[in-house]
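An overview of the molecular structure
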Amino acid sequence: MLASASAQAPSPYRVIGSDGTRTLPVVRGSGGTDFVALDTLARFFNIAMREDARTGGVVLAVGAQRVALTEGQATVSAGGRLVSLSAPVTKDGAAWIVPIDFLRVLDHLLDRRIDIRRGSRLVVVGTAVVPRVVLQFERTASGGRLVITVEPGATSRVTRDGNLVTVRFQADALDLTPLVQVPAEWLATVRADGPALYVELGSTVTNVRQADAQDLGHITLDLLGASPVAQVRPDPVVSAPSIDRPGTMRTVVIDPGHGGADAGSRSASGLEEKQVTLAVAQRLKGMLESRFGLRVILTRDSDTDVAIDRRAELANNNKADLFISLHANGSPIPAMRGWQVQSLDPAEYASSGGTQLGGTDSDASVPVVGGGMRVIGAVPWLLAQIPQADRSSQLGGMLAARLGDAGLPPQAVPFYQAPLRVLVGANMPAILVEMGFLTNPLDAELLASSVFQGAVAEVLVSIISELRGGWPATGGGDR
Ligand SMILES: [Zn+2]
């Protein structure tokens, strides 16, 4: 959805059925929506299609049902029911073009599961088994450990030939989330082809041991190095935590947005923002504590109300080195989707009344990307975040880049600076992550999945891990 993305052709979807895999070419619309040719879909799903000379539209015969589409309309008639699409039906010459979510209409009428996974550009049809696969790499005393999480769990067989480890699953294909930040000396490449996962080991690895399987959902491979201690880069994980270096991370405060009476945004199926933010926060806490022994404080660890200023206050009182506020978005426009990273914009904050010392509290409305307004409270006496704004902005940029690299779908503007009330009082680098839109069906599905939640947490862990060695130098500051 980036402006520059329109210049390059979007990669096609793979349509995976139990009878094989087909390629579905897409064109990208102005709003970032993926469109597909209707006649291609008709061919894939054996649907008769004819133009209706009387209405100028096109009619599909899906079993006993009819689906009528009209050029320029985002509403289609399907079996007598009106269904909204994320974008209008268009024509390109003689070809009819529909947004990819038109497949949901077919899912309903064909009585056949059609699962669109936009993040990994897959369409899973019928009984095809396409588990989501996420890899996590961590250092251990004897080398490294690769944990492969499979959801839903599937039977697998691990074989090794030289530096190539193959994990073959009982599945039709794999939905692989790319790895974030893995040292090439341990893992050279990871790729999926059909039901097989190929892991090419780096030069440091001399042996691989598969840990006893606990369940079908996890495969743990211990990667052993010849003399791992000598070959591993100096890593703060093994250094004494008491050594105080500039930039060292000791305490991280994670703020699961909303809670209690304030549910935040909500999906069509009733999933609430406060539930998603708490799930990701608890997961992130566990990962940071177990991997790095960090002190991690949640602003709430249950479904309770926490006042907005109390959240930053908790971080200040605990001398936190980092404040991360987790949220999920909502929009009256169902097509709005994707994550966005936000940090405080000191200039905007000042112009909204934030630096007028002695001024009275007043609410200011600020435009929100994608339309709508967000009311923020301008709090004149809270100026703590302003000196931290450059670091926070640096952190936001890093996070936006990594989330993108991880293949997670971004908003049109992946990183945004705004006068954010929850961050203004924080006396440490602070960011807010809107992980996706609960009001978008595709995002809601991702936000509910433990794989997506884990992928977001994994990206945050990789950044915090890096910051434990100190903040990277900025290129002289371009803002
Ligand atoms: Zn929120």
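Here the residue index of a chain counts from 1 through its sequence in written order. Only residues with pLDDT of at least 70 get local features here, since the model is predicted, and only at 80 or more are side-chain atom pairs given and counted; chain-wide, interface and lining totals rely on the full set of residues.

For the chain, the helix and strand inventory stands at ten helices and 30 strands. Any residue whose C-beta has 12 or fewer other C-beta atoms within 10 Å is treated as exposed, any with 20 or more as buried, and any in between as partly exposed, C-beta atoms being built from the backbone. Within the chain, the fraction of its 479 residues that count as buried is 41%. For the purpose of contact definition, each residue receives a C-beta atom placed from its backbone, and two residues are in contact when these atoms lie within 7 Å. Put simply, 66% of the contacts in the chain that link residues at least 6 apart link residues at least 24 apart. Think of it this way: any DSSP run of H or I at least four residues long counts as a helix, any run of E at least two long counts as a strand, and we number them from the N terminus.

Taken together, the five strands give an open sheet; going across it, the order is β18-β14-β15-β22-β21, and neighbouring strands pair in mixed fashion. Two strands bound the open sheet, and with one partner strand each, they are β18 (175–177) and β21 (205–210). Adjacent strand axes in the sheet meet at a mean angle of 25° when their direction is disregarded. Being paired, for any two strands, means DSSP has found at least two bridges between them. When β21 meets strand β22 (residues 218–225), the two strands line up antiparallel, connected through five bridges. Residue Asn-207 lies in a different strand from β22, and its bridge partner there is Leu-224. Convention adopted: a line fitted to C-alpha atoms gives each axis, helices being fitted over their contacting stretch, and angles between N-to-C directions are expressed from 0 to 180 degrees. Helix α10 (residues 450–467) contacts β14 (132–140), β15 (143–151) and β18 of the sheet and is inclined by roughly 35° relative to β14.

Given a rise of 1.5 Å per residue, 17 residues ought to cover 24 Å, and the 24 Å separating the end C-alpha atoms of helix α7 (residues 389–405) matches this to within 8%. Among all positions in α7, only Ala-389, Ser-392, Ser-393, Gln-394, Leu-395, Gly-396, Met-398, Leu-399, Ala-400 and Leu-403 are buried. Backbone geometry just after α7 places Gly-407 at a positive phi near 80°. For a helix, the expected span equals 1.5 Å multiplied by the number of residues minus one.

Further remarks concern the environment of Ala-412. Within the element layout of this structure, Ala-412 appears in strand β29 (residues 410–418). Take Ala-412: there are 17 C-beta atoms within 10 Å of it, and that puts it in the partly exposed class. Expressed as a C-alpha distance, the spacing of Ala-412 and Arg-337, which sit 75 residues apart in the sequence, is 8.9 Å.

Spatially, six strands are ordered β24-β23-β25-β30-β26-β29 in an open sheet, and the strand pairing comes out mixed. The open sheet has two edge strands, β24 (295–298) and β29, and neither has a second partner. Mean inter-strand twist for the sheet, computed between neighbouring axes without regard to direction, equals 20°. Bridge analysis of strand β25 (residues 322–329) against strand β30 (residues 430–437) gives six bridges, and the strand direction is parallel. Residue pairing across strands places Asn-329 opposite Phe-437, the latter belonging to β30.

Here we come to the environment of Leu-38. Looking at where Leu-38 falls in the secondary structure, it is placed in helix α1 (residues 38–44). Ignoring any residue separated from it by four or fewer positions in sequence, one finds Leu-38 in contact with Met-49, Val-58, Trp-96, Ile-97 and Val-98.

Residue Pro-152 follows Glu-151 across a cis peptide bond; omega there is -5°. Take Pro-152: it is sitting in the loop between β15 and β16 (156–161). Unusually for a residue other than glycine, His-258 sits at a positive phi of about 65°. One can find His-258 in the loop between β23 (251–256) and α4 (273–292). The phi torsion at Lys-319 lies on the positive side, around 50°, for a residue other than glycine.

The next subject is the confidence of the model for the chain. Scored from 0 to 100, pLDDT reflects the predictor's confidence in each residue. Averaged over every residue, the pLDDT of the chain is 81; the share at 70 or more is 83%. Every residue in residues 228–247 is under pLDDT 50, and counting partners more than four places away or in other chains gives 17 contacts. Taken as a whole, residues 353–382 scores under 50 in pLDDT and shows 57 contacts with residues more than four places along the chain or in a different chain.

For the rest of this paragraph, the subject is the environment of Val-461. With respect to the secondary-structure elements, Val-461 resides in helix α10. Sequence separation between Val-461 and Lys-285 is 176 residues; the distance between their C-alpha atoms is 9.4 Å. Setting aside anything within four residues of it in sequence, one finds Val-461 in contact with Leu-284, Met-287, Leu-288 and Arg-291.

Within a regular beta strand, the side chains point alternately toward one face of the sheet and then the other, so they alternate between its two faces. Burial analysis of strand β26 (residues 339–344) places six of its six residues in the buried class, the great majority of the element. Pairing geometry for β26 and β29, over five bridges, is parallel. Considered in β29, the bridge of Leu-344 is made with Ala-418. Relative to β30, β26 is paired through three bridges, and the arrangement is antiparallel. Counted as the bridge partner of Gln-342 is Leu-432 from β30.

To continue, consider the nonpolar core. In plain words, the nonpolar core is the set of buried Ala, Val, Leu, Ile, Met, Phe, Trp, Tyr and Cys residues that C-beta atoms within 7 Å link up. Residues Val-98, Val-252, Phe-323 and Leu-399 are the most contacted members of the largest nonpolar core, which totals 121 residues. Ranked by the residues each element gives to this core, the list is headed by α10, at ten residues. Not counting residues up to four positions away in its chain, the partners in contact with Phe-323 are Val-253, Asp-255, Ala-312, Ala-315, Ala-426, Met-428 and Ala-430.

As a further point, take the packing of α4 against α10. Running from N to C, α4 and α10 point in directions that differ by 40°, and their axes come no closer than 9 Å. When the interaxial angle is binned, α4 and α10 end up oblique. When the axes of α4 and α10 are compared, the crossing they make is right-handed. Of the residues in α10, those in contact with Ala-279, Val-280, Arg-283, Leu-284, Met-287, Leu-288, Arg-291 and Phe-292 of α4 are Gln-453, Gly-454, Val-456, Ala-457, Leu-460, Val-461, Ile-464 and Ser-465. What sets the label is the angle itself: under 35 degrees gives roughly parallel, over 145 gives roughly antiparallel, 65 to 115 gives roughly perpendicular, and the rest give oblique. Less than a right angle of anticlockwise turn of the near helix away from the far helix marks a crossing as left-handed, whereas a clockwise turn marks it as right-handed.

Turning next to the pairing of β25. Summarising burial for β25: eight of the eight residues are buried, a large majority. Of the two faces of β25, the one holding Leu-322, Ile-324, Leu-326 and Ala-328 and the one holding Phe-323, Ser-325, His-327 and Asn-329 are both buried throughout. In this sheet, β25 lies alongside β23 in parallel orientation, the contact comprising five bridges. Residue pairing for β25: Ile-254 is matched across the bridge by Ile-324.

Interaxial distance between α7 and α10 falls to 10 Å at its minimum, and their mutual angle equals 135°. Taken together, α7 and α10 sit at an angle that is classed as oblique. As α7 runs across α10, the sense of the crossing is right-handed. Contacts between α7 and α10 involve Met-398, Leu-399, Arg-402 and Leu-403 from the former and Val-459, Ser-462 and Ile-463 from the latter. Polar here means any residue outside two lists: the nonpolar Ala, Val, Leu, Ile, Met, Phe, Trp, Tyr, Cys and Pro, and the charged Asp, Glu, Lys and Arg; Gly therefore counts as polar. The residue inventory of the contact of α7 with α10, partitioned by class, reads five nonpolar, one polar and one charged.

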